[in-house]
4 protein chains.
Amino acid sequence: MDKLTIAGRSFASRLMVGTGKFASNELMAAALNASGSDIVTVALRRVDIDKPDDDLLAHIDRDRFLLLPNTSGARDAEEAVRLARLARAAGCEPWVKLEVTPDPYYLLPDPIETLKAAEILVKDGFTVLPYINADPVLAKHLQEVGTATVMPLGAPIGTNKGVRTRDSIAIIIEQAIVPVVVDAGLGAPSHAAEAMEMGADAVLVNTALAVTPDPARMAAAFAKGVEAGREAYLAGLGAIKDQAEASSPLTGFLRD
Amino acid sequence: MDKLTIAGRSFASRLMVGTGKFASNELMAAALNASGSDIVTVALRRVDIDKPDDDLLAHIDRDRFLLLPNTSGARDAEEAVRLARLARAAGCEPWVKLEVTPDPYYLLPDPIETLKAAEILVKDGFTVLPYINADPVLAKHLQEVGTATVMPLGAPIGTNKGVRTRDSIAIIIEQAIVPVVVDAGLGAPSHAAEAMEMGADAVLVNTALAVTPDPARMAAAFAKGVEAGREAYLAGLGAIKDQAEASSPLTGFLRD
Amino acid sequence: MDKLTIAGRSFASRLMVGTGKFASNELMAAALNASGSDIVTVALRRVDIDKPDDDLLAHIDRDRFLLLPNTSGARDAEEAVRLARLARAAGCEPWVKLEVTPDPYYLLPDPIETLKAAEILVKDGFTVLPYINADPVLAKHLQEVGTATVMPLGAPIGTNKGVRTRDSIAIIIEQAIVPVVVDAGLGAPSHAAEAMEMGADAVLVNTALAVTPDPARMAAAFAKGVEAGREAYLAGLGAIKDQAEASSPLTGFLRD
Amino acid sequence: MDKLTIAGRSFASRLMVGTGKFASNELMAAALNASGSDIVTVALRRVDIDKPDDDLLAHIDRDRFLLLPNTSGARDAEEAVRLARLARAAGCEPWVKLEVTPDPYYLLPDPIETLKAAEILVKDGFTVLPYINADPVLAKHLQEVGTATVMPLGAPIGTNKGVRTRDSIAIIIEQAIVPVVVDAGLGAPSHAAEAMEMGADAVLVNTALAVTPDPARMAAAFAKGVEAGREAYLAGLGAIKDQAEASSPLTGFLRD
């Protein structure tokens, strides 16, 4: 598969994975390994980023994975910026998955505060990957302030509904000048494949891996789904038609 | 991936491919090879099944692939039965993909004539794989007369619309005592993955491979999509929910 | 609204209603009245069709409504034919909604037995309105044996899922020479409107009226939905587009 | 139908209509009349709001309709505010449909500039009805600054795609403290009915009326669709189920 490049850095895999909600850190580690991912995101509020023996972090091989801290739990720009800076101070690379979610119930992102935080963090030297609603105009604003990707949601976090925001994602992809990563709501490999077939550059998955009885097997399945979708996008999908076409010309063989 | 068993015979791949509408036999052969398929279907009216130098057949490695003749073009039971018998007389194995499509425009299958032909062919010793509308009651009737699979359509042939008959396919799978192969209408690897995630035993693809500029690449993509869907089905997909769940517990980290 | 004509008989309303599953006969009667329907279907096995004081029948004004007996519960052609003949013998008009549903769980129709019963009943002088899966080829067969309508399902009975069989219904409508009545699965007025916008001639609703706390209000809502869909179909719907068009030309008003 | 109340003012109709893109002002006027609407929106840049003989305005009966000026064409908050103030200065009531659409192609709304303009206009005494992406967090922000409604899009303007943003609209409705008006993308009465069934307080339609050969008939159809959806919402829709329920209990009538 062709490489994914974010902020000048290349990645072999187009599947990013999250680390929340797994039944155990062992199951999580097995899923990370099976996923083939290069980028793993961790909620800063869940770990002691400056303690080498933090149990969650100990299960992530940092030679293999880029640890992408996220600001999950931040309710406004100020909290998100503070979290990102703490991570950097603790020795993390200055990459951040920016999440600003004032609503604790649906965990939907705040367009205003996300843009505000993105602008501050970009100026502060961070490589910023913002989680957003599938809003093409907001996606443009974020790219204008210098984010390294945009990460529109397919459906609300944790719902497993798939690419429900298809029309908007298509416009975001069409207009994007940075990689588009579909994040949240993808509950099955077919959803990941669909996003990739549309031309998304990558997807991020968490809940779908964490809630299955066999996270490693599901992670491998998502890896294949992402590759399938990417390859199909590169090969070129056929148009959707209302009328069937015969799969073989009629020769009159039987009716001569 | 676990094996697919049809009529006592085991197959490593759960992707079947058709041979119609490719721009050239070379492109077709490349797609067959890349697909990893074990079963390849050929329209009997398109080939001289008893001539070893038929150009289409010469491009299919019969040591590697099970050649599954189909009765495409047959408008009623009588024509379908006649085609199947001609193939067997010419030395083909007695397996037949039964297609009875009186309407030359949408190529939709005839439930009455398909059941009639299936009954005759089963009694005649054939292993019968019937192409049908996604009709659970018809699927039951066919299984009762002894077909080796049922092959409900996802959407009309050649439309690339995907699994539009989802509700009915789910019921067919739930009630089936033979393998369910989703046939027709699958236009992208995500569609194939979706069918497999629902519990289909296999899928058959043709148009989606034939109409892309790069059939071999698309065939490999479908192979991955099928595997992704099967593995996800075996791992166990999470439920679809209306409400998001946080991907990590709140620790109050920031707000202490 | 333009009239609906079935077997030479005209009806002002394009909404048919069923009588099953209401909490009381009084609520049912209120729904029938509010629906504005002309055709009301009753399961023969539920009523004593030859007793003038049957409680269900006593709640249906037969001067106002055409009572359309249905063969719900019949598992094969023989049972359906027997039920239809009993109804006629008891003085019903020779109209029958033909339902043959061997599966007691999903109540899906049997294509083989339905066609068989239709042929017998048409020859026997009945006006036959068959309930079928959304199968265009079966719909053609039924029209060829002389049914007065075809009644494809939108979704399995009682599911409230709407017009899930949209692709097939569109083909049935395109090819039909008798009225197409979408039956089963319509759970909301928007579903009824959608079917009518596609060009269906009528719809039949039951569960959606029976399960709401206010059946009469819901029946009136469905009546409006049906009219809305029919009028829109006659006016001509706009095409679905991927690209927005401005709703007003740019004049440069602000930017001169 | 129960009344719609916006900013303390009551309206009998829950259908709002736009005035762009009609083939003639006469056809537009016929559609407005047939719609039964109380609120009609006009693009400020298209009219000479202070000239009593403006041709478009002359076709709108201002005793019957509340003229709702919109800021269509504004690319940022400043332009939108300026347009709104010009309208008020010309004698319009201080109601404004706020549209800020920097992208001339898809005409999608700008969340940042819309919130900025809303805040200014509310402080300035306007009753503000903002057109927005289906973004629940943005909808909350707008309500916090005092908008009189929120008007999330169902699909991009002019696409006729229907309620594609269903998941987000459901959340907006659930959390709203002001009326929710689904605006843009509704191409058929079934779409309008669907939005109302979900609990939307009103819908706004323009393209669907303007592009049909018979705008007045289509407007009447939308009026019925809106009423159907509202009444169904008030009656209470049945749940969507996977399993059919028999529409009548089995009595064993035939099988005794």
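Predicted, not measured: the structure shown is a model, and the values here were computed from it.

Re the environment of I112(C)
Turning to step 1, where the next piece is worked out: Here I112(C) is to be found in helix α4 (residues 111–123).
Turning to step 2, where the next piece is worked out: Residue class for I112(C) comes out buried when judged on its relative accessible area of 17%.
Turning to step 3, where the next piece is worked out: Considering only alpha carbons, one finds I112(C) and D76(C), 36 residues apart in sequence, at a separation of 9.0 Å.
Turning to step 4, where the next piece is worked out: Ignoring sequence-local partners within four residues, the contact set of I112(C) consists of P111(B), I112(B), L115(B), L138(B) and H141(B).

Some remarks on helix α1 (residues 25–35) of chain D
All names here are of chain D.
Turning to step 1, where the next piece is worked out: Taken as a whole, α1 has its buried residues at N25, M28, A29, A31, L32 and S35. Take α1 and look down its axis: the buried residues cluster within an arc of 160°, on one side only.
Turning to step 2, where the next piece is worked out: The inward-facing, buried residues of α1 contact β3 (15–18), β4 (39–43), α2 (55–58) and α9 (215–235).
Turning to step 3, where the next piece is worked out: After α1 finishes, the residue G36 shows a positive phi value of roughly 70°.

Some thoughts on the environment of D201(D)
Residue and element names in this part refer to chain D.
Turning to step 1, where the next piece is worked out: Tracing the sequence through the fold places D201 in the loop between α7 (189–197) and β10 (202–205).
Turning to step 2, where the next piece is worked out: In sequence terms D201 and L67 are 134 residues apart; their C-alpha atoms lie 19 Å from each other.
Turning to step 3, where the next piece is worked out: Setting aside residues up to four positions removed in sequence, D201 forms contacts with L4, R14, V178, P179, V180 and M196.

Some points on the relation of the copies chain A and chain D
Turning to step 1, where the next piece is worked out: Each copy superposes on the other: chain A lies on chain D with an RMSD of 0.0 Å after a rotation of 180° and an axial shift of 0.0 Å. Interpreted geometrically, this transformation is the action of a two-fold axis. Nearest to the rotation axis, the C-alpha of I112(A) is located 3.1 Å from it, this being the minimum over chain A.
Turning to step 2, where the next piece is worked out: Of the interface residues in chain A, 100% have counterparts in chain D that sit at the interface too, so the contact is made through matching surfaces.

Quick look at the arrangement of the chains
Turning to step 1, where the next piece is worked out: Contact between chain A and chain C is absent, and the minimum C-alpha spacing across the pair is 8 Å.
Turning to step 2, where the next piece is worked out: Kept free of each other, chain B and chain D leave a smallest C-alpha distance of 8 Å between them.

With respect to the relation of the copies chain B and chain A
Turning to step 1, where the next piece is worked out: Superposition of chain B onto chain A requires a rotation of 180° combined with a translation of 0.0 Å along the rotation axis, giving an RMSD of 0.0 Å.
Turning to step 2, where the next piece is worked out: The residues that chain B uses at the interface reappear at the interface of chain A in 98% of cases, marking a shared surface.

Considering the pattern of salt bridges
Turning to step 1, where the next piece is worked out: If you walk through the whole model with that rule in mind, you get 64 salt bridges over all chains.
Turning to step 2, where the next piece is worked out: Between D167(C) and R164(B) there is a salt bridge, with the nearest N and O atoms lying 3.3 Å from each other. Within this pair, whereas D167(C) is found in helix α6 (residues 166–175), its partner R164(B) is found in the loop between β8 (151–152) and α6 (166–175), the two belonging to separate chains.
Turning to step 3, where the next piece is worked out: The residue E194(C) makes a salt bridge to R166(C) at a minimum N-O spacing of 2.7 Å.

Overview of the pairing of strand β5 (residues 66–70) of chain A
Residues and elements named next belong to chain A.
Turning to step 1, where the next piece is worked out: Of all five residues in β5, five are buried; the element is thus mostly enclosed.
Turning to step 2, where the next piece is worked out: Going residue by residue along β5, you find L66, L68 and N70 tucked away on one face and L67 and P69 tucked away on the opposite face as well.
Turning to step 3, where the next piece is worked out: Here strand β4 (residues 39–43) pairs with β5 via five bridges, running parallel. Across the sheet, residue V42 finds its bridge partner in β5, namely P69.

Definitions and limits used
- Residue indices follow the written sequence of each chain, beginning from 1 at its first position.
- Lettering for chains starts from A, numbering for ligands starts from 1, and both go in the order in which the items are written.
- Residues qualify for local features only when their pLDDT is at least 70, as the model is predicted, and side-chain atom pairs are given and counted only at 80 or more; totals for whole chains, interfaces and linings, by contrast, use all residues.
- Remark: hydrogens and water are excluded; side-chain values derive from all non-hydrogen atoms of the structure.
- Put simply, DSSP H or I for four residues or longer makes a helix, DSSP E for two residues or longer makes a strand, and each gets a number counted from the N terminus.
- Burial classes follow relative accessibility: with a 1.4 Å probe on protein chains only, a residue under 20% of its type's maximum area counts as buried, one over 50% as exposed, and anything between as partly exposed.
- Residue contacts are defined here by distance: any two heavy atoms, one from each residue, within 4.5 Å place the two residues in contact.
- Of all possible arcs, the one meant is that of the directions from the helix axis to the C-beta atoms.
- Our superposition of the copies is a least-squares fit, built on the C-alpha atoms of residues whose pLDDT is at least 70 in both.
- The rule for a salt bridge is simple: a side-chain nitrogen of Lys or Arg has to be within 4 Å of a carboxyl oxygen of Asp or Glu.
- Any two strands are treated as partners once DSSP identifies two or more bridges connecting them.

Function cannot be read off these values alone, since they describe shape.
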